[in-house]
Amino acid sequence: MQLLLLAVGQRLPAWADEATADFAKRFPPDLPFTLKTVKAEPRTTGKTAAQMMAAEALRLQEATPKGARRVVLDERGERLTSVQWAQRLDQWKLDGRDVVLYMGGPDGLDPALRQSADERLRLSDLTLPHALARVLLVEGLYRAWSITAGHPYHRE
């Protein structure tokens, strides 16, 4: 099984790229974490938000491995604690499929993509900038792995 973050938008501050890369390299070989970005639809074309989200959703779906579990990061998704993220990670491992986590662009994710996902999870009750959300996600997944592995990174 691998964890794949598919995110809309490519340019983030260097600190976010560095933090994401730092946590990504900490994952064990049997649970690799990969980040792949897809191009955001230009906001200057006169298209509606719905049209832009639909175009971005198509790019996300094209980048999704066949048969993967599809998890949408959504402000209306299920709220999990770190321990619950760890339990969910264990469930995903038992399932055996790759896990794709979708992170939307400036307007969010297309409603059809959100509805068709296997799961909808939230990172926070707060609205977060994309750079911070990306770092928070990879850190949270690493923390979840550390809990399942008995690694001392997480402390109660």
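Since the structure is predicted, the reported quantities are computational estimates derived from the model, not experimental observations. (Residues numbered from 1 in each chain as written. Predicted model: local features only at pLDDT ≥ 70, side-chain atom pairs only at ≥ 80, totals over all residues. Heavy atoms only, no water.)

A. Structural context of the packing of aromatic side chains. Counted by the stated rule, this structure contains 7 aromatic pairs. Note on Phe27 and Phe33: the rings are 5.6 Å apart at their centroids and 15° apart in plane angle, and the pair reads as stacked. Both rings, one in Tyr142 and one in Tyr153, keep their centres 4.9 Å apart while their planes meet at 75°; by these two values the pair is edge-to-face. Of this pair, Tyr142 sits in helix H5 (residues 130-149) while Tyr153 is found in the segment after H5, placing the two residues 11 residues apart along the sequence. (Phe/Tyr/Trp six-rings, centres within 6.5 Å; stacked < 30°, edge-to-face > 60°. Helix = DSSP H or I, 4+ residues; strand = E, 2+ residues; numbered from the N terminus.)

B. Representation of the nonpolar core within the structure. Leu3, Phe27, Trp85, Trp92, Leu101, Leu137 and Leu141 are the most contacted members of the largest nonpolar core, which totals 25 residues. For this core, the secondary-structure elements that each account for two or more residues are strand S1 (3-8), strand S3 (69-79), helix H3 (82-95), strand S4 (99-103) and H5. Judged by nonpolar contacts, the second largest core, of 14 residues, contains Leu4, Val72, Val100 and Leu109. (Core = buried A, V, L, I, M, F, W, Y, C linked by side-chain atoms within 4.5 Å. Buried < 20%, exposed > 50% of the residue type's maximum accessible area, 1.4 Å probe, protein only.)

C. Representation of the pairing of strand S2 (residues 33-38) in the model. Direction of pairing for S1 relative to S2: parallel, over a ladder of 6 bridges. Paired with Leu4 across the bridge in S2 is Thr34. In this fold, S1 hands off to helix H1 (residues 14-24), which returns the chain to S2; that crossover is right-handed. (Pairing = 2+ DSSP bridges. Right-handed = clockwise from strand over helix to strand, strands pointing away.)

D. Geometry of H1. Residues of H1 that are buried include every one of Ala16, Thr20 and Phe23, and no others. The arc that holds every buried residue of H1, seen down its axis, measures 70°, which confines them to one face. (Arc of directions from axis to C-beta.)

E. Expanded view of the sheet that holds S2. Spatial ordering of the open sheet is given by S2-S1-S4-S3-S5, a layout of 5 strands whose pairing is parallel. Of all strands in the sheet, those with a lone pairing partner are S2 and strand S5 (119-122), marking the two edges. For this sheet the average axis-to-axis angle between neighbouring strands, irrespective of direction, equals 35°. Bridge count for S1 against S4 is 5 bridges, and the pairing is parallel. Residue pairing in the sheet places Ala7 in a bridge with Met103 of S4. Along the sheet face, helix H2 (residues 49-62) touches S1, S2 and S4 and points at about 155° away from the line of S1. In this fold H5 packs onto S1, S2, S3 and S4, with an angle of close to 160° to the strand it touches most, S4. (Axes fitted to C-alpha atoms, helices over the stretch in contact; angles between N-to-C directions. Contact = heavy atoms within 4.5 Å.)

F. View of the packing of H3 against H5. At a minimum axis separation of 8 Å, H3 and H5 run at an interaxial angle of 75°. Considering their axes alone, H3 and H5 lie roughly perpendicular with respect to each other. Of H5, the residues touching H3 (which contributes Ser82, Val83, Trp85, Ala86, Leu89, Asp90, Trp92 and Lys93) are Leu137, Leu141, Arg143, Ala144, Trp145, Ile147 and Thr148. In terms of residue class, the contact of H3 with H5 is built from 10 nonpolar, 2 polar and 3 charged. (Parallel < 35°, antiparallel > 145°, perpendicular 65-115°, else oblique. Nonpolar A, V, L, I, M, F, W, Y, C, P; charged D, E, K, R; others polar.)

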